[in-house]
Amino acid sequence: MADSLPLEMLTYILSFLPLSDQKEASLVSRAWYCAAQNALRETNVRYNIPVSSASLSAIKNLGLRGISHISLTNLDGSPASHQVLQSVAYHLGPHLESLCLGGGSPTEASFLALILGCPVLRTLDLSGCNSLFTSGTLLAQPETAQCVRKALSGLRDLNLACLRDLTDLSFNHLSGCFPSLERLSLAYCHLTFELGPTWGSITPQVSSPSQLSFHNLLQFVKERAGRLRALDLSGTGLPPEALQALGQVTGLQLEELSLHSCRDLSSEAVATLCHQQPGITSLDLSGCSELTDRALLAVSRGLQHLRHLSLRKLQRLTDAGCAALGALQELQSLDMAECCLVSGRELAKVLGSVHRAPLALTSLRLAYCSSLKDASVLSMIPALGPNLKVLDLSSCVALTNQTVQAICTYLVHLSVLRLAWCKELQDWGLLGLKEPSEEPMLSPQVLQFPQLRQLSLSLLPALTDMGLVAVARGCPSLERLALSHCSHLSDEGWAQAARFWPRLQHLNLSCCSQLTEQTLDTIGQACKQLRVLDVAMCPGINVAAVRHFQAQLPQVTCIQSRFVGGADLTLTL
């Protein structure tokens, strides 16, 4: 009956399914296959293509389907890589919108030939592609630069992170070809800062052929202020004076700013930035170790439209600063992992306050917050509500089964849950029992997460087969599961649990000391979608069993099996 529906209607229906279900639906019939491919294309799925001669036929097929987002891996200067780039340009180039070459080593000639064949490209990722910038001559020829500028005048997003050889000249040559840039990343590039009044000077300075200077970047920002919306300067050592000079550029209206690991930044500098750029909606201050509660107070007062805030590894942040979060009414994701002085007490008050509208958080990360206690978490969980999709409480070592039961009661719509190294968790908590002496059959299980896609329970020393089976029954949609260092899990537990996880794609069982090749056979029969498996340091599994498993499931692209049976082996296809 469904096959008789118009293709457009089938596509619309399948678009509501998660990615794994869309893939399964494509196997039902030819009509469903076509509809699923349309749905995948409309959800902007990125296809990872390994660079080898074996990928040429796949590239041609992707071209026939109009795929527009790809990432190329294992790219180098070999003839095979050159052939793949030619094929990408010919089959995918006319409709390619997003291209990632991150970490590759293409030649300048093959790179230029590729991008000249991609006239509608909007996003280009060259992070770590140092081979393109070693000579310093990329796009130095005016004729070549003019051709690239004409072909890629619509490029909006450029990622130049982790380029050790990027200089003022090479940056200017490249950025000059992209007049419509809105987003730029120079994360972890070596920026030089010459303190002094020259930053505010309107007199142009000579671009350096040997280094990447902040003055040159600032000149670029001034020229593109009307268009530039997002900057990533993480790991560049940005000092407070440079941030102030950046924020006060006339006409600049940033929406996204990432300053991860800029350790010299001060709370005063952040306060000034919030006053200069009040339209920021996404801010990453993770690892800026000098920041205090004053910085968070300035953010909450100055950035009223903030939606995404990352404050990881701010060791001086306390509960007093968290009290200010209530002013951020549009906040959707909050990352406070590794803020060891945060107990969650004030955050719970903000979330549960009846005097203001609750925060509509979709993602909350509090991993490694060692001061977090059950009382605070139990207060905030009911207030988080059905909008929350991601919750990370990894290594919050003081949390107990009470927290797990509250999560299972109130946050049933989660898609990602991480509880690794919450070492107080017990099986009876996962089973929904109030006391460990209760019989499991006498109490209903509360562990029911029908939408959960990712779960981490690694390093839970008390997790046994009974808990594993409870997780399997309650979380049938899992695609990624981490159970490393769960030493009580056995073959018998997996024999009962594996059949509930047909969608499993990534599985980490490293250091599970009781597992043998019997578990590999069980997984091979039940988990046909598996792509990545880690059984490193599992003494009961030998190399022969790993090779047999690989023969069972040839679609598995990576098996981490270091020190299985005394051998050091990693199978990567």
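Anything mentioned here points back to the structure above.
Bear in mind that the values here come from a model prediction, so they are computed numbers and not experimental data.

Draft legend 1. View of the overall build of the chain. What the chain contains, in helices and strands, is 21 helices and 22 strands. For 573 residues, the compact-globule formula gives about 25 Å, and the C-alpha radius of gyration of the chain, at 26 Å, lands near that figure. With the C-alpha coordinates of the chain rotated into their principal frame, the extents come out at 80 × 60 × 55 Å. Looking at the 573 residues of the chain, the share that counts as buried comes to 52%. At a minimum sequence separation of 6, the contacts of the chain that also span at least 24 residues come to 76%. Of the accessible surface of the chain, which amounts to about 24500 Å², a share of 54% is contributed by carbon and sulfur atoms.

Draft legend 2. Seen up close, the layout of surface pockets. Roughly 1300 Å³ of volume is contained in the largest pocket. In terms of lining residues, the largest pocket is bounded by 30 residues, among which Lys-23, Tyr-47, Asn-48, Arg-531 and Thr-557 are the most central. Looking at the lining of the largest pocket, the elements with two or more residues in it are helix H2 (19-25), helix H3 (30-42), strand E1 (47-50) and helix H4 (56-64). The class makeup of the residues in the lining of the largest pocket is 13 nonpolar, 12 polar and five charged.

Draft legend 3. Region of interest: the pattern of salt bridges. A complete count under the given rule lists 13 salt bridges for this structure. Between Arg-312 and Asp-335 there is a salt bridge, with the nearest N and O atoms lying 3.2 Å from each other. Of this pair, Arg-312 sits in the loop between strand E12 (308-310) and helix H13 (319-322) while Asp-335 sits in strand E13 (residues 333-335), and the two are 23 residues apart along the sequence. Residue Asp-335 is classed as buried on the basis of its relative accessible area of 10%.

Draft legend 4. Here's a closer look at empty space enclosed by the protein. If you walk through the whole model with that rule in mind, you get two cavities of 30 Å³ or more. By volume, the largest cavity amounts to about 60 Å³. Lining the largest cavity, in full, are Val-404, Ile-407, Cys-408, Leu-417, Leu-419, Leu-430, Leu-447, Phe-449, Leu-455, Leu-457, Val-471 and Cys-475. The element best represented in the lining of the largest cavity is helix H16 (residues 401-410), accounting for three residues.

Draft legend 5. Highlighting the packing of helix H10 (residues 240-247) against helix H11 (residues 267-276). Contact pair H10 / H11: the axes reach a minimum separation of 9 Å and the direction vectors enclose 5°. One way to sum up the angle between H10 and H11 is to call them roughly parallel. Residues Pro-240, Leu-243, Gln-244 and Gly-247 of H10 form the contact with H11, whose own contacting residues are Ala-269, Thr-272, Leu-273 and Gln-276. Of the residues assigned to the contact of H10 with H11, the class counts are four nonpolar, four polar and no charged.

Draft legend 6. Structural view of the packing of aromatic side chains. Per the counting criterion, the structure on display carries three aromatic pairs. Note on Phe-193 and Phe-214: the rings are 5.5 Å apart at their centroids and 35° apart in plane angle, and the pair reads as tilted. Of this pair, Phe-193 sits in the loop between strand E7 (191-192) and strand E8 (212-213) while Phe-214 sits in helix H9 (residues 214-224); the two residues are 21 residues apart in sequence, bridging distant segments of the chain. The exposure class of Phe-193 is partly exposed, given its relative accessible area of 22%. The exposure class assigned to Phe-214 is buried, which follows from its relative accessible area of 0%.

Draft legend 7. Summary view of the nonpolar core. Counting residues in each nonpolar core, the largest one holds 168 residues, and the members touching the most others are Leu-160, Leu-309 and Trp-494. By residue number, the principal contributor to this core is H9, which donates five residues. Judged by nonpolar contacts, the second largest core, of five residues, contains Leu-14, Ala-25, Ala-35 and Ala-36.

Draft legend 8. Summary view of a nonpolar patch on the surface. A contiguous nonpolar patch, built from Met-9, Tyr-12, Ile-13 and Phe-16 and spanning about 470 Å² of accessible area, is present on the exposed surface. Mapped onto the fold, Met-9 is located in helix H1 (residues 7-14).

Draft legend 9. The arrangement of the side chain of Ser-110 in detail. Position of Ser-110 relative to the elements: it lies in helix H6 (residues 108-116). A distance of 2.7 Å separates polar atoms of two side chains, one belonging to Ser-110 and the other to Thr-107. If we skip the residues at most four places from it in the chain, Ser-110 touches His-82 and Leu-85.

Draft legend 10. Structural view of the pairing of strand E21 (residues 558-564). Looking at chain direction, strand E20 (residues 532-534) and E21 are connected through three bridges and run parallel. Of the residues in E21, the one forming a bridge with Val-532 is Cys-558. On the question of chirality, the crossover connecting E20 to the parallel E21 by way of helix H21 (residues 543-552) is right-handed.

Draft legend 11. Spotlight on H9. Among the 11 residues of H9, eight are classified as buried, and the element is accordingly described as predominantly covered. Those residues of H9 not exposed but buried are Phe-214, His-215, Asn-216, Leu-217, Leu-218, Phe-220, Val-221 and Arg-224. The inward-facing, buried residues of H9 contact helix H8 (168-175), strand E6 (183-185), E7, E8, strand E9 (230-232) and H10.

Draft legend 12. Focus on the packing of helix H5 (residues 79-91) against H6. H6 packs onto H5 with a crossing angle of 10° between their chain directions and a minimal axis gap of 8 Å. As far as their axial angle goes, H6 and H5 are roughly parallel. Judged by residue contacts, His-82, Leu-85, Val-88 and Ala-89 of H5 engage Ser-110, Ala-113 and Leu-114 from H6. Looking at the contact of H5 with H6, its residues break down into five nonpolar, two polar and no charged.

Draft legend 13. Layout of the environment of Ser-258. With respect to the helices and strands, the residue Ser-258 is situated in strand E10 (residues 256-258). Note on Ser-258: relative accessible area 13%, which makes it buried. Sequence spacing of Ser-258 and Asp-392 is 134 residues, and the spatial spacing of their C-alpha atoms is 21 Å. Dropping the residues within four chain positions of it, Ser-258 is found in contact with Leu-231, Asp-232, Leu-233, Ser-234 and Asp-284. Reaching out from Ser-258, the side chain makes a polar contact with the side chain of Ser-234 at a distance of 2.8 Å.

How each quantity is defined
- The numbering scheme is per chain: residues are counted from 1 as the chain's sequence reads.
- Local features in this predicted model are restricted to residues whose pLDDT is 70 or higher, and side-chain atom pairs enter the listing and the counts only when it is 80 or higher, whereas totals over whole chains, interfaces and linings include all residues.
- Where side-chain values are given, they derive from all heavy atoms of the structure, hydrogens and water being excluded.
- Working definition: helices are DSSP H or I runs of at least four residues, strands are E runs of at least two. Numbering for both runs from the N terminus.
- In this setup the radius of gyration rests on C-alpha atoms only. A globule is expected at 2.2 Å times the number of residues raised to 0.38.
- Remark: exposure states derive from per-residue accessible area (1.4 Å probe, protein chains only) relative to the maximum for the residue type, with buried under 20%, exposed over 50%, and partly exposed in between.
- Contacts are assigned to residue pairs that have any heavy atoms within 4.5 Å of one another.
- Per-residue and other accessible areas follow the Shrake-Rupley method at a 1.4 Å probe size, with only the shown protein chains counted as cover for residues.
- The rule is simple: put a 1 Å grid over the protein atoms alone, call a set of points where a 1.4 Å probe fits but cannot get out a cavity, call an open set with protein on both sides within 12 Å along at least five of seven lines a pocket, and count a residue as lining if it has an atom within 4 Å of a point.
- Grid points are joined across faces, edges and corners, and a volume is the space filled by probe spheres set on the points.
- Lys, Arg, Asp and Glu make up the charged group, whereas Ala, Val, Leu, Ile, Met, Phe, Trp, Tyr, Cys and Pro make up the nonpolar group; the residues left over, Gly among them, are polar.
- When a carboxyl oxygen of Asp or Glu is within 4 Å of a side-chain nitrogen of Lys or Arg, the pair counts as a salt bridge.
- A fitted line through C-alpha atoms represents every axis, and for helices the fit uses only the stretch in contact; the resulting angles, taken between N-to-C directions, go from 0 to 180 degrees.
- Here the angle decides the label: under 35 degrees means roughly parallel, over 145 means roughly antiparallel, 65 to 115 means roughly perpendicular, and every other value means oblique.
- Pairing of aromatic rings covers Phe, Tyr and Trp, the last through its six-membered ring, and needs centres within 6.5 Å; plane angles under 30 degrees mean stacked, over 60 mean edge-to-face, and all others mean tilted.
- Residues belong to one nonpolar core when they are buried, are Ala, Val, Leu, Ile, Met, Phe, Trp, Tyr or Cys, and are joined through side-chain atoms within 4.5 Å.
- A patch is a set of surface residues, each over 30% in relative accessible area and not in a salt bridge, joined within 9 Å for like charges and within 5 Å for the nonpolar side chains Val, Leu, Ile, Met, Phe, Trp and Tyr.
- Counted as a polar contact is a pair of N or O atoms within 3.5 Å, where, for protein atoms, one must be capable of donating a hydrogen and the other of accepting one, and residues adjacent in sequence contribute only when both atoms are in side chains.
- Should DSSP find at least two bridges between two strands, the strands are regarded as paired.
- Classification remark: right-handed applies to a crossover when, strands pointing away from the viewer, the course from the first strand over the helix to the second runs clockwise.

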